[in-house]
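# Secondary and tertiary structure notes
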Amino acid sequence: EVTAKSETEKPSTPLRFRRAQWRTLLALMLCYLFFYTGRQNFGWAIKFIHEEYGLSTSQLGFISGAMLAGYGIGQAINGNLGDKFGGRAMVTIGALLSCVLNWVTSFGTTFMSLLIPWTANGYVQSMGWAPGSRLLSNWWGAQERGKAFGWYVFSAGFSSVMIFGLAILVLQYLSWQWLFRLPVLLLAMGAVIFYFIARDHPQDLG
């Protein structure tokens, strides 16, 4: 006797795939949890840069705005590149380049030596969100994609909280330059872990 399945019954998902699915999501969350350590730290340093190097508030505002412009331009470009080259490579490269550019920014002493690396940092920071979203959509079907993206957005939001705490901790013991040096090491660590755990498609794991 054949019993018809209920329309609301979900098809069974192999355990191996389910575990790989969650590993991919958690690895991406871990990496993006630290992404803002390489982007929201500049605001904490503005006061000290102004006092130490004499840059005007207008100049510092321009530098901050240029980073956002680079980020916006990058979002328009890197989403398509993520489709072509895969989120795994794009997110990892963006995170590692952001770490390097943050260190370069920490040694800046003039308007241009701060503007150039920080604008470039805005661009590479945009290599995280859209390519990461593409990777998630490859792993999570329409019925569960909202849940996956909810956790992804959670990691982005909590990243803002994390840089808040880390910035206070760094400034308590070290100079402002270390705002661009220490927190982003967590981003580099997260990127390496993400690269070795995540795959662009379930087929990559058979």
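A short tour of the structure in this document, coming up. (Residues numbered from 1 in each chain as written. Predicted model: local features only at pLDDT ≥ 70, side-chain atom pairs only at ≥ 80, totals over all residues. Heavy atoms only, no water.)

## With respect to the overall build of the protein chain
A count of helices and strands for the protein chain gives 8 helices and 0 strands. Overall, the protein chain shows an N-to-C arrangement of helices and strands of α-α-α-α-α-α-α-α. Buried positions account for 43% of the 206 residues belonging to the protein chain. Excluding contacts between residues fewer than 6 apart, the proportion of contacts in the protein chain whose partners are at least 24 apart in sequence is 82%. Entry remark: accessible area of the protein chain is about 10700 Å², with carbon and sulfur atoms responsible for 66%. Averaging the coordinates of the 15 positive side-chain charges in the protein chain and doing the same for the 9 negative ones gives two points 5 Å apart. (Helix = DSSP H or I, 4+ residues; strand = E, 2+ residues; numbered from the N terminus. Buried < 20%, exposed > 50% of the residue type's maximum accessible area, 1.4 Å probe, protein only. Contact = heavy atoms within 4.5 Å. Areas by Shrake-Rupley, 256 points an atom, 1.4 Å probe, with all protein chains shown as cover. Lys, Arg positive; Asp, Glu negative; His and termini not counted. Charge placed at Lys NZ, Arg CZ, Asp CG, Glu CD.)

## Examining the layout of surface pockets
One number sums up the size of the second largest pocket: a volume of about 160 Å³. As for the second largest pocket, its lining consists of R16, F17, R19, A20, R23, W139, P202, L205 and G206. Ranked by residue count, the leading element in the lining of the second largest pocket is helix α1 (residues 15–33), at 5 residues. In the lining of the second largest pocket, the residues fall into 5 nonpolar, 1 polar and 3 charged. (1 Å grid on protein atoms, 1.4 Å probe; cavity = no way out; pocket = protein on both sides within 12 Å on 5 of 7 lines; lining within 4 Å. Points joined across faces, edges and corners; volume = space filled by probe spheres on them. Nonpolar A, V, L, I, M, F, W, Y, C, P; charged D, E, K, R; others polar.)

## With respect to the packing of aromatic side chains
Across all of its chains, the model carries 19 aromatic pairs by this definition. The interplanar angle of 70° and the centroid separation of 6.0 Å between the aromatic rings of Y32 and Y36 together place this pair among those described as edge-to-face. With a relative accessible area of 1%, Y32 lands in the buried category. Ring geometry for Y32 against Y152: centres 5.5 Å apart, planes inclined by 70°, an arrangement best described as edge-to-face. Of this pair, Y32 sits in helix α1 while Y152 sits in helix α7 (residues 142–173); the two residues are 120 residues apart in sequence, bridging distant segments of the chain. The structure contains a cluster of three or more aromatic residues connected by ring pairs, namely Y32, F35, Y36, W129, F149 and Y152. Over the ring of F107 we find R181, and its NZ or CZ is 4.3 Å from the ring centre. The ring of W178 carries the charged tip of R181 above its face, separated from the ring centre by 4.8 Å. (Phe/Tyr/Trp six-rings, centres within 6.5 Å; stacked < 30°, edge-to-face > 60°. Lys NZ or Arg CZ within 6 Å of the ring centre and 35° of its normal.)

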